[in-house]
Amino acid sequence: MRSLFSRILLAATLVIFILFIALWQWLQFSQEFSRNQIQQSLHRELAEHMAHINPLLSKGITSDAALKEAFHDFMLLGPSFEIYTLDNQGQVIAYDAKEEKIKQHRVDTNTIEQFIQGVNLPILGTDPRSEQKDKIFSAAKLLTPSGQQTGYLYVIIGGEDFDSWQTIVSDHQAPQFWTTAILIAIGFAIILFILLLKLFTAPLSRLENDLRLVAAQQLNSGVTLPGQYTGSSEINQLSKHINTLLQALSLQHQAINRQQEERHEFMLHLSHDLKTPLTSLQGYIDTWLLLPPHERSSDLIEIAANSSQHLQQLLGQMLELAALENGQVKPQWQEIQLQEVLDELQQTFDPRANGKRIILDFEDTLSLYINTDRQLLLRILNNLVDNAIRYTPEQGVISIKTIADKSSGTTWLQVSDNGSGMHKHELAALKQMTQKPMAMTAKQSALPQLGVGLAIVRQLLAILKCDIQIDSQPGKGSRFRIELQIRPLLIDEQGSADKPLSAEDGFENSVHQG
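## Focus on the pattern of salt bridges
Part 1 of the reasoning: Summed over all chains, the structure comprises nine salt bridges.
Part 2 of the reasoning: Two residues, arginine 357 and glutamate 394, come together in a salt bridge whose shortest N-O distance is 2.9 Å. Within this pair, whereas arginine 357 is found in the loop between helix H9 (338-355) and strand E7 (359-363), its partner glutamate 394 is found in the loop between helix H10 (374-391) and strand E9 (397-405), the two being separated by 37 residues in sequence.
Part 3 of the reasoning: Where salt bridges share partners, they join Arg352, Asp386 and Arg390 into one cluster.

Structure representation (structure tokens):
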């Protein structure tokens, strides 16, 4: 009974059978009500007529001994009538049955009065021969010639004999009825099941077939379920949800394919970056070993050491990038003074810059406090400055400035140089991070065209939720603008920094005072 077919068949059979039984019970009640109403209406005047034509009853006599012969004559009406005389309180006085058959010796006179007053029929009254069941009746008052009421003539319509014969007939017809009822219920259930199968399961079968076809196709082709599914709104909603899931899976599949391609290109680029210092290191060491001891120069060892440091730097960047991609780096948000970070950065790169006679100009002209992770921001600036020094010629200039955009209320940290700049394809690849940096995650693939350093920058910017703007031209240099979350300093009259301003103190005020 696990299939939808068997469950619908069973449910339809049970529902039809229950409805059929309920309908049959209602019909039985309705038939009995109508029969009682008709019979009681037809015999409404029966008791009054019997009291009128009998000499004893017409005189108001109710005694048992006097009415034995009269009751015997009335039996000619048929065995379905039972006749009683009652006193004014409803006590049974005379009757046409054996003593042991009388179960109740008092009849409710309220129902008799309702009958005599003409209340709507049928009216059920007390059956002296039954302790629980009431029956329809006919009744009339018994009056003396002077008009004094002595009791009632009470006639049960459909007496004990009638009930016996009705029971026999019902017992005989019951097996036939139940057999017929079950067959009819099964027949209706099969018909209903066929209709339900066409109405409900046909769309489900179509949906299952379409899903099987979709499973055989490639997700990167953007497959969806065809058309609408008639039958019910639930099936239509289910198909829409499935299409939504298919689209999401397709996008994820395409993203995974792109990441695999980018990772492959990145590994090719990285292998080239690793091969260059490794080849240099190996070549200078081999050269140094081949020379006679008295001709060996320390210059070769220094060049090999520089290549070794470059190789070590690349390996460290690879480990850092792997940690970023695995989500192992979590930002520690704090409020820091930007100038302190720039001072530390300048101290780190002054020796390299002096060796190439490059001017470093790092200054926070707005005296800002910013909300960020100090170490991650320092790592971003380290990579950008390191890259700038590498591609900036001698006597070049590398600057870091804070810039306030009054129109948008945004503060930028600008890193610029006058080095070799980037080509269009490199700039386009790097600008991928500027589209929606807030939504990027640490597991996005690196940019193979730009090396490990700028790939790390991309990951760190995504973690810090920083927007970035990039501008670069070959031969003229590059400019990076990083959006800052600021807390400007309040400058007193002596020009010293006091506590940070709140957001309500105003952005323009801090820029003006800076």
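## What to know about the pairing of E9
Part 1 of the reasoning: Sheet analysis places E7 next to E9, joined by five bridges and oriented parallel. Counterpart to glutamate 363 in the pairing with E9 is lysine 401.
Part 2 of the reasoning: Relative to strand E10 (residues 410-417), E9 is paired through eight bridges, and the arrangement is antiparallel. Across the sheet, the residue bridging to isoleucine 400 is valine 415, located in E10.
Part 3 of the reasoning: In sequence, E9 turns back onto E10 through a hairpin of four residues, with glycine 409 there showing a positive phi of about 70°.

## Examining the environment of leucine 342
Part 1 of the reasoning: Looking at the element boundaries, leucine 342 is found in helix H9.
Part 2 of the reasoning: The buried category is assigned to leucine 342, whose relative accessible area is 0%.
Part 3 of the reasoning: Remark: the alpha-carbon pair of leucine 342 and lysine 401, spanning 59 residues in sequence, is separated by 9.6 Å.

## Some remarks on a nonpolar patch on the surface
Part 1 of the reasoning: On the surface, Ile182, Ile186, Ile190 and Ile194 cluster together into a nonpolar patch covering about 340 Å² of accessible area.
Part 2 of the reasoning: Take isoleucine 182: it is sitting in helix H6 (residues 160-215).
Part 3 of the reasoning: Classification of isoleucine 182 as partly exposed rests on a relative accessible area of 40%.

## Quick word on unusual backbone geometry
Part 1 of the reasoning: Look at the link from leucine 121 to proline 122: it is a cis peptide, with omega at 5°.
Part 2 of the reasoning: For proline 122, the position within the fold is in the loop between helix H5 (109-117) and strand E3 (124-126).
Part 3 of the reasoning: In this model, lysine 465 sits at a positive phi of 55°, which is unusual for a non-glycine residue.

## Section: the environment of arginine 374
Part 1 of the reasoning: In this structure, arginine 374 sits in helix H10.
Part 2 of the reasoning: In this structure the C-alpha to C-alpha distance between arginine 374 and isoleucine 336, which are 38 residues apart in sequence, comes to 7.1 Å.
Part 3 of the reasoning: Arginine 374 has contacts with Gln334, Ile336, Glu340, Val341 and Glu344, leaving out every residue within four places of it along the chain.
Part 4 of the reasoning: A distance of 2.6 Å separates the side chain of arginine 374 from the side chain of glutamate 344, its partner in a polar contact.

## Topic: the packing of H9 against H10
Part 1 of the reasoning: Interaxial distance between H9 and H10 falls to 10 Å at its minimum, and their mutual angle equals 35°. For the crossing formed where H9 meets H10, the hand is right-handed. Residue-level inspection shows Leu338, Glu340, Val341, Leu342, Glu344, Leu345, Thr348, Phe349 and Arg352 of H9 in contact with H10, the latter providing Arg374, Leu377, Leu378, Leu381, Asn382, Val385, Asp386, Ile389 and Arg390.
Part 2 of the reasoning: Partitioning the contact of H9 with H10 into residue classes produces 10 nonpolar, two polar and six charged.

## Things to note about the packing of aromatic side chains
Part 1 of the reasoning: Scanning all chains against the criterion turns up four aromatic pairs.
Part 2 of the reasoning: Relative to tyrosine 154, the ring of phenylalanine 137 lies with its centre 5.1 Å away and its plane at 40°, an arrangement referred to as tilted. Residue phenylalanine 137 is located in strand E4 (residues 134-143), and its partner tyrosine 154 is located in strand E5 (residues 149-157); the two are separated by 17 residues in the primary sequence. Taken individually, phenylalanine 137 and tyrosine 154 each receive the classification buried, so the pair is uniform in this respect.
Part 3 of the reasoning: Pairwise contacts between aromatic rings join Tyr84, Phe115, Phe137 and Tyr154 into one cluster.
Part 4 of the reasoning: One Lys or Arg, arginine 44, reaches over the ring of phenylalanine 115 and ends 5.2 Å from the middle of that ring.

## Details of the side chain of aspartate 127
Part 1 of the reasoning: Note that aspartate 127 resides in the loop between E3 and E4.
Part 2 of the reasoning: Look past the residues within four positions of aspartate 127 in its chain and what remains in contact with it is Glu82, Gln104, Lys133, Asp134, Lys135 and Ile156.

## Details of the sheet that holds strand E12 (residues 477-484)
Part 1 of the reasoning: With mixed pairing, the five strands of this open sheet are ordered in space as E7-E9-E10-E12-E11. Each edge of the open sheet carries a strand with a single partner, namely E7 and strand E11 (468-473). When strand polarity is set aside, the average angle formed by the axes of neighbouring strands in this sheet is 15°.
Part 2 of the reasoning: Lying over the sheet, H9 contacts E7, E9, E10 and E12, oriented at roughly 175° with respect to E7.

## Structural notes on H9
An α-helical turn contains 3.6 residues, so any two residues separated by three or four positions project in the same direction.
Part 1 of the reasoning: If you check H9, its first and last C-alpha atoms are 26 Å apart, about what 18 residues at 1.5 Å a residue would give, namely 26 Å.
Part 2 of the reasoning: Along its length, H9 reaches its greatest deviation from straightness, about 50°, at phenylalanine 349, and the proline proline 351 lies no more than four positions downstream.
Part 3 of the reasoning: Within the span of H9, buried status applies to Leu338, Gln339, Val341, Leu342, Leu345, Phe349 and Ala353.
Part 4 of the reasoning: Arginine 357 sits one or two positions beyond H9 and adopts a positive phi of about 55°.

## A closer look at the nonpolar core
In a soluble, globular protein the nonpolar side chains are often hidden away together inside.
Part 1 of the reasoning: Ranked by internal contacts, the top residues of the largest apolar core, which has 41 residues, are Leu345, Phe362, Ile370, Ile380, Leu381, Leu384 and Ile400.
Part 2 of the reasoning: For this core, the leading source of residues is H10, giving nine residues.
Part 3 of the reasoning: Excluding anything up to four places from it in sequence, leucine 381 contacts Val341, Leu342, Leu345, Leu413 and Val415.
Part 4 of the reasoning: Of all hydrophobic cores here, the second largest spans 16 residues; its members include Tyr84, Tyr95, Phe115 and Ile123.

## What about the confidence of the model for the protein chain?
Part 1 of the reasoning: Mean pLDDT over the protein chain: 75, with 72% of residues reaching 70 or higher.
Part 2 of the reasoning: Looking at the elements of the protein chain, mean pLDDT is at its lowest for helix H13 (residues 507-513), recorded as 32, and at its highest for E7, recorded as 92.
Part 3 of the reasoning: Within the model, the stretch residues 433-450 combines pLDDT values under 50 with 54 contacts to residues more than four positions away or in other chains.
Part 4 of the reasoning: Note on residues 488-514: pLDDT is under 50 here. Beyond four places in sequence and across chains, it has 41 contacts.

## Quick look at the sheet that holds strand E1 (residues 81-86)
Part 1 of the reasoning: Taking strand neighbours across the sheet as the criterion, the five strands line up as E2-E1-E5-E4-E3 in an open arrangement whose pairing is antiparallel. Two strands close off the open sheet at either side, each with one partner strand: strand E2 (92-95) and E3. Across this sheet, the average inter-strand angle for adjacent strands is 40°, counted without regard to direction.
Part 2 of the reasoning: Both E1 and E5 contribute to a ladder of six bridges, which runs antiparallel.

Reading the values: rules and limits
- Residues numbered from 1 in each chain as written.
- Predicted model: local features only at pLDDT ≥ 70, side-chain atom pairs only at ≥ 80, totals over all residues.
- Heavy atoms only, no water.
- Salt bridge = Lys/Arg side-chain N within 4 Å of Asp/Glu carboxyl O.
- Helix = DSSP H or I, 4+ residues; strand = E, 2+ residues; numbered from the N terminus.
- Pairing = 2+ DSSP bridges.
- Buried < 20%, exposed > 50% of the residue type's maximum accessible area, 1.4 Å probe, protein only.
- Patch = residues over 30% accessible without salt bridge, like charges linked within 9 Å, V, L, I, M, F, W, Y side chains within 5 Å.
- Areas by Shrake-Rupley, 256 points an atom, 1.4 Å probe, with all protein chains shown as cover.
- Contact = heavy atoms within 4.5 Å.
- Polar contact = N/O pair within 3.5 Å; in protein donor to acceptor, adjacent residues only side chain to side chain.
- Axes fitted to C-alpha atoms, helices over the stretch in contact; angles between N-to-C directions.
- Left-handed = near helix turned anticlockwise from the far one by under 90°.
- Nonpolar A, V, L, I, M, F, W, Y, C, P; charged D, E, K, R; others polar.
- Phe/Tyr/Trp six-rings, centres within 6.5 Å; stacked < 30°, edge-to-face > 60°.
- Lys NZ or Arg CZ within 6 Å of the ring centre and 35° of its normal.
- Expected span 1.5 Å × (residues − 1).
- Bend = angle between axes of the 7 residues up to and from the residue.
- Core = buried A, V, L, I, M, F, W, Y, C linked by side-chain atoms within 4.5 Å.
- pLDDT = per-residue confidence, 0-100.

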